[in-house]
Structures are given as C-alpha cells and as structure tokens.
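# Structural description and commentary
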Amino acid sequence: MRVNVEARAAAAEQRRTQTRERLLTAAEAVIAEKGLSGVSIEDFVRAAGVSRGTFYNYFPATANLLGALTKRVAVDLDVLLEAVARQRRDPATLLACSLHTVLAAHVADPVRGWVALQLASSRNPRVASFETLFERLYREGVRAGQFRPIEMASALTLTFGSMRMIQRDLVAGEAAQVHSTEVVALILTAFGVPYDEAEKISRAEAAAARGG
C-alpha cells in the first residue's frame, strides 16, 4: 500500500510539473505575439487549454507568472554565461563573447527572444547572472587597463540598453548579423578599446557564437 501511495504522489507531482510547464510555454507564445501590455489571463488559459481555476492554482496573479518566466529565461542564460565565465581570456574578449552568446541564443529561439525582450522592458528584475558577469568583467577590464573607469550604472545602462535594441531588431528580422557585430564593437569602444581592435574582437566572437 505504501508503494502505491508513493507512486500516486509521484505521478500527481509529475502532472503538476507538466501542467505548470504547459502554462509557461503557452504564456511565452502569447507574450511573444501580443507583448506584455496586450495580454490577459484569459489569453494564457486559452493558449494552454486549461481553466482559470487551474491557472490560479499555479499562479495567483499575472505577476507570479511573469516572475516564473523570468526565472525560466534566466536558467537557460545561466548555463550559457557560466560557460563564458569559466574561460581564461582577457575581459574585453569575454565581454564580447557574453553579449554575442546571448544574442545568438535569442536569434536561434525567436519566441524566447521576444519574451526575454518584453521581460527586460518590464519592471521584472533583469537576469542577475548577466549583470553579475558584466560587472565582474568590467572591473577586471579596468584593472587590466582595457576599459576606462566610469560609473558602473552608466556602463550597465549603455550596454543593456544597446542590447535590448539590437536584440529587438535581430529577432524581428530587421537587422543583419553584421549589425550586432558593429554594436558590440561600439560598446567596447565606448569603454576604451580602440575601434579596430574592438571590431576584430566582436567579429570573431560573433562568428563563434553562431557556430561559424
């Protein structure tokens, strides 16, 4: 009897996990299509094929759903950025690598790219691992003499603001890959890397991120 009880509990938990993932996947598709401002709970439950009651069992409010989506996006980025952080290269190259890695991932999965863009433009916290890696690399770049010392908040605004714009254009198909190469090169240049060197670094990291 105990085995049966445990098996039923495990099966129930698996069904809950599957339903939650179905809701999140449906929400991604809806947000990618309509944006955050134009969606409702009814859109989410219709896309997932569940009742409003089921939705509320998992997410008491839309804010809870958006928080879960932010974590979902962050988990995937964490894996990619951890691989970048383990590399032993100079800070400017690693910064370019991290930026192109994120852009390539979102271009490869446009739905996820649109969702990440919408979430980044909302009041939800940005992906912490991305900011943490950026801040670490920027400080290392300053110590190594590659970057000029400027206020971290300004460096974050310049980088993440530029990234949102280029991400939007790439996912929408309104910019060629060469555009992202130039934007990342300009970010490095703004931080003190000579443009010719910055462009060379950016071009190489863009090709690597795309698997070229």
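All of these numbers come straight from a predicted model, not from anything done at the bench.

As a further point, take the overall build of the chain. Within the chain, the regular secondary structure consists of ten helices and zero strands. Mapped from its N terminus to its C terminus, the chain presents α and β elements in the order α-α-α-α-α-α-α-α-α-α. Put simply, the chain has 212 residues, and 41% of those count as buried. Pairs at least 24 apart in sequence give 68% of the contacts found in the chain among residues at least 6 apart. On the chain, roughly 11,200 Å² of surface is accessible, and the fraction owed to carbon and sulfur atoms is 54%.

We now examine helix H4 (residues 62–85). Between the first and last C-alpha of H4 there are 33 Å, a value that for 24 residues agrees with the 34 Å anticipated at 1.5 Å per step. Along its length, H4 shows its largest kink, about 25°, at Asp-78. Within the sequence span of H4, burial applies to Leu-65, Leu-66, Ala-68, Leu-69, Thr-70, Arg-72, Val-73, Ala-74, Leu-77, Leu-81 and Val-84.

This brings us to the pattern of salt bridges. Two side chains bearing opposite charge may form a pair once their charged atoms approach each other closely. Under the definition given, this model contains seven salt bridges. In this structure, Arg-89 and Glu-205 form a salt bridge, with 3.0 Å as the shortest nitrogen-oxygen distance. Here Glu-205 lies in helix H10 (residues 195–209) and Arg-89 lies in the loop between H4 and helix H5 (91–108), a separation of 116 residues in the sequence. Exposure remark for Arg-89: the relative accessible area of 36% places this residue in the partly exposed category. Glu-205 sits in the buried class, given a relative accessible area of 8%.

A few words on the confidence of the model for the chain. Atomic detail in the predicted coordinates should be set aside for any region of low pLDDT. When the pLDDT values of the chain are averaged, the result is 84; 88% of them are 70 or greater. At the low end of the mean pLDDT range in the chain sits helix H6 (residues 110–120), at 72; at the high end sits H10, at 95.

In contact at an axis separation of 11 Å, helix H7 (residues 128–144) and helix H8 (residues 152–171) are set at 125° when each is read in the N-to-C sense. With respect to each other, H7 and H8 are oriented oblique. Read as a crossing pair, H7 and H8 show a hand that is right-handed. For the pair formed by H7 and H8, the contact residues are Phe-130, Glu-131, Phe-134, Glu-135, Tyr-138 and Arg-139 on the first element and Met-152, Ala-155, Leu-156, Thr-159, Phe-160 and Met-163 on the second.

So, about H8. Under the 1.5 Å per step criterion, the end-to-end length of H8 is 28 Å for 20 residues, consistent within 8% with the ideal 28 Å. Turning to H8, its buried residues are Met-152, Ala-155, Leu-156, Thr-159, Phe-160, Met-163, Ile-166, Gln-167, Asp-169, Leu-170 and Val-171.

The axes of two packed helices give the description: the angle between them and the distance between them. Their axes nearest at 8 Å, the elements H5 and H7 cross at an angle of 160°. It follows that H5 is roughly antiparallel to H7 by the angle criterion. Considering only the axes of H5 and H7, their crossing is left-handed. For the pair H5 and H7, the contacting residues are Pro-91, Leu-94, Leu-95, Ser-98, Leu-99 and Val-102 in the first and Phe-130, Leu-133, Phe-134, Arg-136, Leu-137, Glu-140 and Gly-141 in the second. Residue composition of the contact of H5 with H7, grouped by class: nine nonpolar, two polar and two charged.

Here we come to the packing of aromatic side chains. Overall, the coordinates contain ten aromatic pairs when judged by the stated rule. Relative to Phe-191, the ring of Phe-147 has its centre 5.8 Å away and its plane inclined at 65°; by these criteria the two rings are edge-to-face. Highlighted residues: Phe-147 in the loop between H7 and H8 and Phe-191 in the loop between helix H9 (177–190) and H10, separated in sequence by 44 residues. Overall, the relative accessible area of 3% leaves Phe-147 in the buried class. Linked through ring pairs, Phe-130, Phe-134, Tyr-138, Phe-147, Phe-160 and Phe-191 together constitute an aromatic cluster.

How each quantity is defined
Residues numbered from 1 in each chain as written. Predicted model: local features only at pLDDT ≥ 70, side-chain atom pairs only at ≥ 80, totals over all residues. Heavy atoms only, no water. Helix = DSSP H or I, 4+ residues; strand = E, 2+ residues; numbered from the N terminus. Buried < 20%, exposed > 50% of the residue type's maximum accessible area, 1.4 Å probe, protein only. Contact = heavy atoms within 4.5 Å. Areas by Shrake-Rupley, 256 points an atom, 1.4 Å probe, with all protein chains shown as cover. Expected span 1.5 Å × (residues − 1). Bend = angle between axes of the 7 residues up to and from the residue. Salt bridge = Lys/Arg side-chain N within 4 Å of Asp/Glu carboxyl O. pLDDT = per-residue confidence, 0-100. Axes fitted to C-alpha atoms, helices over the stretch in contact; angles between N-to-C directions. Parallel < 35°, antiparallel > 145°, perpendicular 65-115°, else oblique. Left-handed = near helix turned anticlockwise from the far one by under 90°. Nonpolar A, V, L, I, M, F, W, Y, C, P; charged D, E, K, R; others polar. Phe/Tyr/Trp six-rings, centres within 6.5 Å; stacked < 30°, edge-to-face > 60°.

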